[in-house]
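# Report on the structure
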Amino acid sequence: MGRTSAKAETGRKALLRQSVLDAAAKLFAERGFAGTSFQDIADALNVGRTALYYYFKSKEEVLASLVEEVTVVSDRQSAMLSARTDDDPVEVLRSMVSGHVELLLSHALQFRVVDRTEVELPPDLRAVHERSKRAVLDHFTTQIARGIQQGVFRPVDARVAAFALIGMCSWTTWWFHEGGRKTAREVAGILADLAVHGLLRSDDQRKTSGDPGDLFRQLHENLDCLEILYKRREAGA
């Protein structure tokens, strides 16, 4: 077999494998993981079980691949972006949010399936899923904390902020519709801007009402930020 034909065959197998994942994800979403059999997946594709065995040995393997496509890849992507410690934390966080949204929206059905079947995941697969979810949270938390330490983000609880941003990204898979008013990339950009501007500390990003409570809140934030910067300076001395 020539190189071109071998490459074409590899591409064909990849497409067939993806069609199995897509069909399974749709069935899992409609009937639940427990309510879907391996035969159901084969029937949906109009093929025999034997044909599916070339790609997956069981529906558990199919579900494992769905977790890989969504949760594990999210971990790898956010880890790669968060590792850019020499770059501006604002731009890194913007890239993390937009990248996370685009990844989720390109696998929206798969994400919803994994989200719904968390409690049904086999123990080993659940451990992988939970570990990857925690890692994504840690990557976002670390980047927000870095922005706070550098004085560009408000002194908020970085982990709570990370939970909020990830939740905002995840929710898009439930309301976004392909072919709607905004493309997935446009939605990702909007959410990235919201995430960054919600954390930015620069005075021109905020307006004061003149209310004493508002002024005290800003003073408290300034003192918190000053304390963080002072501790950072002392640690580096």
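An unreviewed UniProt entry annotates the chain as TetR/AcrR family transcriptional regulator of Azospirillum lipoferum.

Under the UniProt annotation, "DNA-binding region" (unreviewed entry) lies at residues 37-56. Structurally, residues 37-56 comprises 65% helix and 0% strand, and the distance from its first C-alpha atom to its last is 13 Å.

Right, let's talk about the nonpolar core for a bit. If you look at the biggest cluster of nonpolar residues, it comprises 33 residues, and the most contacted ones within it are L93, V97, V101, F140, I144 and F153. Of all hydrophobic cores here, the second largest spans 21 residues; its members include V20, F28, V72 and V113.

Attention shifts here to the packing of helix α5 (residues 89-106) against helix α9 (residues 184-199). Two elements in contact, α5 and α9, have axes whose closest approach is 8 Å; the angle formed by their N-to-C orientations is 145°. Relative to α9, α5 is oriented so that their crossing is right-handed. Side by side, α5 and α9 meet where V90, L93, R94, V97, S98, V101, E102 and L105 of the first sit next to A184, R185, V187, A188, L191, A192, D193, A195, V196 and L199 of the second. Class assignment of the residues belonging to the contact of α5 with α9 gives a composition of 13 nonpolar, one polar and four charged.

It is worth spelling out unusual backbone geometry at this point. Of note in the backbone geometry, N46 takes a positive phi value of approximately 60° without being a glycine. Summarising the element assignment, N46 is placed in the loop between α2 (38-45) and α3 (49-53).

A grouping of W171, W174 and W175 is seen on the molecular surface, where their side chains present a nonpolar patch of about 350 Å² in accessible area. By the secondary structure assignment, W175 is in helix α8 (residues 158-175). Among the residues examined, W175 registers a relative accessible area of 39% and is labelled partly exposed.

Cut-offs applied
Residues numbered from 1 in each chain as written. Predicted model: local features only at pLDDT ≥ 70, side-chain atom pairs only at ≥ 80, totals over all residues. Heavy atoms only, no water. UniProt positions renumbered as here; feature names shortened; annotations may be inferred. Helix = DSSP H or I, 4+ residues; strand = E, 2+ residues; numbered from the N terminus. Core = buried A, V, L, I, M, F, W, Y, C linked by side-chain atoms within 4.5 Å. Buried < 20%, exposed > 50% of the residue type's maximum accessible area, 1.4 Å probe, protein only. Axes fitted to C-alpha atoms, helices over the stretch in contact; angles between N-to-C directions. Left-handed = near helix turned anticlockwise from the far one by under 90°. Contact = heavy atoms within 4.5 Å. Nonpolar A, V, L, I, M, F, W, Y, C, P; charged D, E, K, R; others polar. Patch = residues over 30% accessible without salt bridge, like charges linked within 9 Å, V, L, I, M, F, W, Y side chains within 5 Å. Areas by Shrake-Rupley, 256 points an atom, 1.4 Å probe, with all protein chains shown as cover. Salt bridge = Lys/Arg side-chain N within 4 Å of Asp/Glu carboxyl O.

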